[in-house]
Amino acid sequence: MNKNESKYFKSAEKMHTALLTLLDRKDFELISVKEICETAGVNRSTFYLHYDNVNDLLHETVEAVYKDFFGRFGAEGPGALDIDEKNEDELFFVTPKYLMPYLDFVEENRKLFYLMYEKNEMMGAEKTYETWFKTIFGPILTRFGVPQKEQPLIMVFYLKGIIGVVTEWVRGGCTESKDEIISVIQKCIIKP
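What you see is a predicted model, and the numbers here were worked out from it, not measured in a lab.

Here we look at helix H9 (residues 151-171)
- Taking 1.5 Å as the rise per residue, H9 with 21 residues should run 30 Å; its terminal C-alpha atoms sit 30 Å apart, in good agreement.
- Within H9, burial applies to Gln151, Met155, Tyr158, Leu159, Ile162, Ile163, Val166, Thr167, Trp169 and Val170. One face of H9 carries all of its buried residues, which in axial projection span an arc of 155°. Exposed positions of H9 whose direction lies more than 90 degrees from the buried face are Leu153, Phe157 and Lys160.
- Just past H9, the residue Gly173 takes up positive phi, approximately 85°.

Encoded structure:
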């Protein structure tokens, strides 16, 4: 990476951080380009070099946060799970091993998480889940013997249920411990 590319990415990173900082203080709809630039310490021209508007910054910030989230599963992310080499107990993801990094991520990014699920269509969270389904959960459900035709419906049930519990946890200020939330989720999910 040359010096100009490095500067470009550092500016983008500063604006991601600025947006997340501002989201802790106010609603997304009230955040202006001017505030982002002031908080990030960049010029408006730098902002417009990277983005057309605040929504573009938001989408890129969400992608960066998801990349951080996937990094919690190891250098290659969850796509490198090598499903064929795992036994079925290792592929059951409703365990503290898998739920704790997710809840840590949500707690650290609660404003962004809440925005992502309150404005699901704007944020494109469904596309992210489709990718997870195709690359991770679909092959796992196949290993558990779930018919192909039923897999999308089962995934919707699991994802919406888990997201619902976590969204309520965030709405309540994350007052319950993560262990309590994991216990609730596990009580709701039956191992295939």
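Next comes the rest of the write-up.
Topic: the UniProt feature "DNA-binding region" (unreviewed entry) in the chain
- Within the UniProt annotation, "DNA-binding region" (unreviewed entry) is assigned to residues 32-51.
- End-to-end, the C-alpha atoms of residues 32-51 are 13 Å apart, and along that stretch the chain is 75% helix and 0% strand.

A look at the confidence of the model for the chain
- Per-residue confidence for the chain gives a mean pLDDT of 79, with 73% of residues at or over 70.
- Looking at the elements of the chain, mean pLDDT is at its lowest for helix H7 (residues 120-123), recorded as 58, and at its highest for helix H2 (residues 33-40), recorded as 96.
- A low-confidence stretch, residues 75-79 stays under pLDDT 50, and its non-local contacts, those more than four residues away or across chains, total five contacts.

Some details on the packing of aromatic side chains
- If you walk through the whole model with that rule in mind, you get three aromatic pairs.
- Both rings, one in Phe47 and one in Tyr51, keep their centres 5.4 Å apart while their planes meet at 50°; by these two values the pair is tilted.
- With a relative accessible area of 2%, Tyr51 lands in the buried category.
- Considering the side-chain rings of Phe157 and Tyr158, the 6.0 Å spacing of their centres and the 85° angle between planes classify their relative orientation as edge-to-face.
- The exposure class of Phe157 is exposed, given its relative accessible area of 58%.

Details of the nonpolar core
- Core analysis: the biggest nonpolar cluster contains 42 residues, and Ile36, Phe47, Tyr102 and Val166 have the highest contact counts within it.
- Secondary structure elements with two or more residues in this core: helix H1 (3-23), H2, helix H4 (54-71), helix H5 (96-108), helix H6 (110-118), H9 and helix H10 (178-188).
- In terms of residue count, H4 provides more of this core than any other element does, seven residues in total.
- Looking at which domains feed residues into this core, each of domain 1 (1-52) and domain 2 (59-188) supplies at least three.
- Among the nonpolar cores identified, the runner-up in size contains eight residues, and Ile136, Ile140, Val146 and Leu159 belong to it.

What counts, and at which threshold
- Residues numbered from 1 in each chain as written.
- Predicted model: local features only at pLDDT ≥ 70, side-chain atom pairs only at ≥ 80, totals over all residues.
- Heavy atoms only, no water.
- Helix = DSSP H or I, 4+ residues; strand = E, 2+ residues; numbered from the N terminus.
- Expected span 1.5 Å × (residues − 1).
- Buried < 20%, exposed > 50% of the residue type's maximum accessible area, 1.4 Å probe, protein only.
- Arc of directions from axis to C-beta.
- UniProt positions renumbered as here; feature names shortened; annotations may be inferred.
- pLDDT = per-residue confidence, 0-100.
- Contact = heavy atoms within 4.5 Å.
- Phe/Tyr/Trp six-rings, centres within 6.5 Å; stacked < 30°, edge-to-face > 60°.
- Core = buried A, V, L, I, M, F, W, Y, C linked by side-chain atoms within 4.5 Å.
- Domains from an automatic or database assignment.

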